[in-house]
Amino acid sequence: MNSILQGTTPTLTIAVDKADLLLSNISDLELTFQQIGDPVYKHMSDVSIDTEANTISYHFTQTETLALIPTRQLNWQIRFLLTDGNVVGTTVAQINVSDLISDEVMT
């Protein structure tokens, strides 16, 4: 089993399908993580958005990484507030923490 080492601060990069949504058309977003217990919410000011690549990236802090359980999946979902006032969301997806944490880049 891989262990999470102190100092590991991976980045989760989420590619949004351009056919579904252009990130240039959003006015706000909420990125939610949940492994066990209460969900953790991140907002537009907490992420990096690349409108050319249509990707969203979140950089985990060392504290957040140490709180992850490497043997459990990390669930995530994004809800977008569009410039036209509509709200759309992704389906809930999972990240295999144990496999991805050692790379320090989650995609």
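Residues numbered from 1 in each chain as written. Predicted model: local features only at pLDDT ≥ 70, side-chain atom pairs only at ≥ 80, totals over all residues. Heavy atoms only, no water.

Take the packing of aromatic side chains next. Tallying each qualifying case throughout the model produces three aromatic pairs. Ring centres 5.6 Å apart and planes at 45° place the aromatic pair Phe-33 and Tyr-58 in the tilted group. Separated by 25 residues along the polypeptide, Phe-33 in strand S2 (residues 26-34) and Tyr-58 in strand S5 (residues 55-59) bring together distant segments of the chain. Residue Tyr-58 is classed as buried on the basis of its relative accessible area of 5%. Plain terms: the ring middles of Phe-33 and Phe-60 are 5.1 Å apart, the flat faces sit at 50° to each other, and that makes the pair tilted. Remark: Phe-60 occurs in the loop between S5 and helix H1 (62-67) and Phe-33 occurs in strand S2; sequence separation between them is 27 residues. (Phe/Tyr/Trp six-rings, centres within 6.5 Å; stacked < 30°, edge-to-face > 60°. Helix = DSSP H or I, 4+ residues; strand = E, 2+ residues; numbered from the N terminus. Buried < 20%, exposed > 50% of the residue type's maximum accessible area, 1.4 Å probe, protein only.)

A separate point is the nonpolar core. Formed by 22 residues in total, the largest nonpolar core has its most connected members in Leu-29, Leu-31, Phe-33, Ile-56, Ile-78 and Phe-80. For this core, the secondary-structure elements that each account for two or more residues are strand S1 (11-15), S2, S5, strand S6 (73-82) and helix H2 (97-101). Looking at this core element by element, the count peaks at five residues for S6. Aside from chain neighbours lying at most four places away, what touches Leu-29 is Lys-42, His-43, Met-44, Val-47, Ile-49, Ile-56, Ile-78, Arg-79 and Phe-80. (Core = buried A, V, L, I, M, F, W, Y, C linked by side-chain atoms within 4.5 Å. Contact = heavy atoms within 4.5 Å.)

Okay, the side chain of Thr-65 next. The residue Thr-65 is located in helix H1 in this model. Note on Thr-65: relative accessible area 0%, which makes it buried. Polar side-chain contacts of Thr-65 include one of 2.9 Å to the backbone oxygen of Thr-61. (Polar contact = N/O pair within 3.5 Å; in protein donor to acceptor, adjacent residues only side chain to side chain.)

Before going further, it helps to spend a moment on the confidence of the model for the protein. Predicted confidence across the protein gives a mean pLDDT of 84, with 86% of residues reaching 70 or more. Across the protein, strand S3 (residues 40-43) holds the top mean pLDDT of 96, while strand S9 (residues 105-106) sits lowest at 46. (pLDDT = per-residue confidence, 0-100.)

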